[in-house]
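This is what each chain is made of:
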Amino acid sequence: MSSGVMGKSWGKPQVFKQDREPMFGNGLVMVEGDEWVRHRHVITPAFSPANLKAMSSLMVESTTKMLDKWAALINSGSQEIDVEREITATAGEIIAKTSFGISYENGRKVFEKLRAMQITLFKSNRYVGVPFSKLMCPGKTLEAKKLGKEIDAILLTIVRARKSSNDRCGQKDLLGLLLQENGVDGRLGKMLTTRELVDECKTFFFGGHETTALALSWTLLLLARHPEWQNHLREEIRGVTGDKEIDFTKLAGLKKMGWVMNEVLRLYSPAPNVQRQAREDIQVDDLVIPNGTNMWIDVVAMHHDPKLWGDDVNEFKPERFKDDLYGGCKHKMGFLPFGFGGRMCIGRNLTMMEYKIVLTLVLTRFSFSISPSYSHSPAIVLSLRPSNGLPLIVTPL
Ligand code: HEM
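First things first, this report covers the structure right here in the doc. Not measured: the values here are computed from a predicted model.

## Points about the overall build of the chain
Counting secondary structure elements, the chain contains 15 helices and 10 strands. Considering the chain as a whole, with its 397 residues, one finds that 51% of them fall into the buried category. For the chain, long-range pairs separated by at least 24 residues make up 74% of all intrachain contacts whose partners lie at least 6 apart in sequence.

Right, here's the structure in full:
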């Protein structure tokens, strides 16, 4: 079915937009039609490889700080670390710096409020997507609105300060790059307003840290279960970087790490579903989908379908992605961790870079095994996360 869901006749469901409005405003995830084209056109260049390269040192810096903290914790006697909590905090720091170049202290205020908002909105899935659900949970709606206003106020201050600063475009973070693109497109009447920039910042901040942090966290769980893959990756890292520090130009050489990332995104897809709404009657094979129909593509179910992947569908086998972008899936639309078509995730190259940098640094300093206190309970709270955290036994190499 998902192969028919490609064309322009598809938009985003209204209920999806209502549920997520407090988090994404009118950011790229939410807009449609010509508005979407305008936003995507201004934002895409910010994610070019040349621009991403400038962000790699920020990633190394934040990750090294986290790993130094782990070393200190272990030295003082604790062996168990909740890697999901740690990595989410570090990914929050990284996205704050790569998005707005601000200190983590400022970024943390936005980060904590966004997190509180996510929990307020999505802790119970009962009313997600249900028409008039806002009226059914007035307390939740008010709380989300209040948090939304506070987040907007902080971001508005950041965007205004940057707009009025002499060096508004000089900083190579996403906001600086958007302001630069905005200058160019402004002549063509395509620039983003201050309000739209705030919503895009919110979108990057939210869309950009938790998904990547979850990809890394689930990876450490699977590597703890499969220590032979820790060794394969360490060997590959040594071969690619020698004794030197990881550098942006070498990341493409980390092939096995790329297979591992794909296999993790298949088994534990941080974005568990993708949404579309028919904008007209649409023929898909012998089926007519009436105008207005909402479609929730269940990515997790599709990634675990034995008819698509074979009997070993639930096994961790990164080698299935060796020489095959689709991991041997029998349908080219069966592997959708980043969505599909023109609306495919704009941040996937940023994620790939962050994933490889963080994992390289982590694996060269520590090994991992499962803690007896870990209980396996993946749950969908907007994203697919370990509901009881992810405590692992961490040992310095
Ligand atoms: C493992 C990490 C990530 C995963 C699994 C992920 C997943 C997704 C998915 C499934 C979509 C919807 C695509 C569709 O509707 O077809 C999406 C869209 C989007 N993502 Fe990501 N994402 C990740 C990282 C990021 C990062 C790092 C950023 C930005 C800094 C980002 C920003 C966005 C934006 C702005 C959109 C909307 C694109 C559009 O509608 O044009 N994502 N992502």
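Still more ground to cover, so stick around.
## Concerning the coordination of the iron atom of the ligand
You will see that the iron atom of the ligand has only one donor from the protein, Cys345 (SG), lying 2.3 Å away. Of note, Cys345 is situated in the loop between helix 14 (306-309) and helix 15 (348-365).

## Details of the site of the ligand
The full set close to the ligand counts 25 residues, and Trp36, Arg40, Arg276, Arg343 and Cys345 are the nearest of them. Between an oxygen atom of the ligand and a main-chain N or O atom of Leu28, the distance comes to 3.5 Å. Contacts to the ligand include Arg276, whose side-chain N or O atom sits 2.8 Å from an oxygen atom. Using a 2 Å cut-off from the grid points, one finds that the ligand occupies the largest cavity. Counting residues per element, the ones that place at least two in the shell around the ligand are helix 2 (33-43), helix 10 (194-225), strand 3 (273-278) and helix 15. The greatest single-element share of the shell around the ligand, amounting to 5 residues, is contributed by helix 10. Its residues assigned to classes, the shell around the ligand comprises 13 nonpolar, 8 polar and 4 charged.

## Describing the sheet that holds strand 10 (residues 391-396)
Across the sheet, which stays open at both edges, the 3 strands sit in the order 2-10-7 with antiparallel pairing between neighbours. If you trace the sheet from one side to the other, it starts and ends with strand 2 (80-82) and strand 7 (366-370), each paired once. Neighbouring strand axes in the sheet, compared pairwise and without regard to direction, differ in orientation by 45 degrees on average. Bridge analysis of strand 2 against strand 10 gives 3 bridges, and the strand direction is antiparallel.

## Focus on the packing of aromatic side chains
Applying the stated rule across the entire model yields 8 aromatic pairs. Aromatic side chains Phe321 and Phe335 sit 5.0 Å apart centroid to centroid with 50 degrees between the ring planes, which places their arrangement in the tilted category. Of this pair, Phe321 sits in the loop between helix 14 and helix 15 while Phe335 sits in the loop between helix 14 and helix 15, placing them 14 residues apart in sequence. Pairwise contacts between aromatic rings join Trp70, Phe366 and Phe368 into one cluster. Sitting over the ring of Trp309, Arg266 keeps its end group 5.0 Å from the ring centre.

## A few points about the layout of surface pockets
Within this model, the largest pocket holds a volume of roughly 930 Å³. What lines the largest pocket is a set of 33 residues, among which Asn262, Leu325, Phe338, Arg348 and Met352 lie closest to the centre. Put simply, the parts of the chain that give the lining of the largest pocket at least two residues each are helix 3 (49-53), helix 12 (255-267) and helix 15. In terms of residue class, the lining of the largest pocket is built from 21 nonpolar, 6 polar and 6 charged.

## Considerations on the pairing of strand 3
Burial analysis of strand 3 places 5 of its 6 residues in the buried class, which makes it a mostly covered element. Sheet topology places strand 1 (residues 10-11) next to strand 3; 2 bridges connect them, and they run antiparallel. Residue pairing for strand 3: Gly11 is matched across the bridge by Gln277. Both strand 3 and strand 6 (residues 294-298) contribute to a ladder of 5 bridges, which runs antiparallel. Note that in strand 6 the partner of Gln275 across the bridge is Trp296.

## A word on helix 15
Taking 1.5 Å of rise per residue, 18 residues should cover 26 Å, and helix 15 covers 26 Å from first to last C-alpha, within 8% of that figure. Counting buried positions along helix 15 gives 13 out of 18 residues, so the element sits mostly inside the fold.

## So, the sheet that holds strand 1
Ordered in space as 1-3-6, the 3 strands form an open sheet in which the pairing is antiparallel. Pairing within the sheet leaves two strands with one partner each, and these edge strands are strand 1 and strand 6.

## Notes on empty space enclosed by the protein
Taken as a whole and assessed by the stated rule, the structure comprises 1 cavity of 30 Å³ or more. Forming the boundary of the largest cavity are 41 residues, of which Val29, Gly207, Thr211, Ala271 and Cys345 lie nearest the centre. Put simply, the parts of the chain that give the lining of the largest cavity at least two residues each are helix 1 (14-24), helix 2, helix 10, strand 3 and helix 15. Per-element accounting of the lining of the largest cavity gives the leading share, 9 residues, to helix 10. Considered class by class, the residues forming the lining of the largest cavity number 23 nonpolar, 11 polar and 7 charged.

## Regarding the pattern of salt bridges
Under the definition given, this model contains 21 salt bridges. Between Arg385 and Glu84 there is a salt bridge; the shortest N-O distance is 2.5 Å. Of this pair, Arg385 sits in strand 9 (residues 383-386) while Glu84 sits in helix 5 (residues 83-100), and the two are 301 residues apart along the sequence. No difference in accessibility class separates Arg385 from Glu84, as the two residues are buried. Counted as one network, the salt bridges with shared partners bring together Glu263, Arg266, Asp312, Glu315, Lys317 and Arg320.

Cut-offs applied
- Residues numbered from 1 in each chain as written.
- Predicted model: local features only at pLDDT ≥ 70, side-chain atom pairs only at ≥ 80, totals over all residues.
- Heavy atoms only, no water.
- Helix = DSSP H or I, 4+ residues; strand = E, 2+ residues; numbered from the N terminus.
- Buried < 20%, exposed > 50% of the residue type's maximum accessible area, 1.4 Å probe, protein only.
- Contact = heavy atoms within 4.5 Å.
- Donors = N, O, S within 2.8 Å, 3.2 Å for Na, K, Ca; no water.
- Near = heavy atom within 4 Å.
- Polar contact = N/O pair within 3.5 Å; in protein donor to acceptor, adjacent residues only side chain to side chain.
- 1 Å grid on protein atoms, 1.4 Å probe; cavity = no way out; pocket = protein on both sides within 12 Å on 5 of 7 lines; lining within 4 Å.
- Sits in = over half its atoms within 2 Å of the grid points.
- Nonpolar A, V, L, I, M, F, W, Y, C, P; charged D, E, K, R; others polar.
- Pairing = 2+ DSSP bridges.
- Axes fitted to C-alpha atoms, helices over the stretch in contact; angles between N-to-C directions.
- Phe/Tyr/Trp six-rings, centres within 6.5 Å; stacked < 30°, edge-to-face > 60°.
- Lys NZ or Arg CZ within 6 Å of the ring centre and 35° of its normal.
- Points joined across faces, edges and corners; volume = space filled by probe spheres on them.
- Expected span 1.5 Å × (residues − 1).
- Salt bridge = Lys/Arg side-chain N within 4 Å of Asp/Glu carboxyl O.

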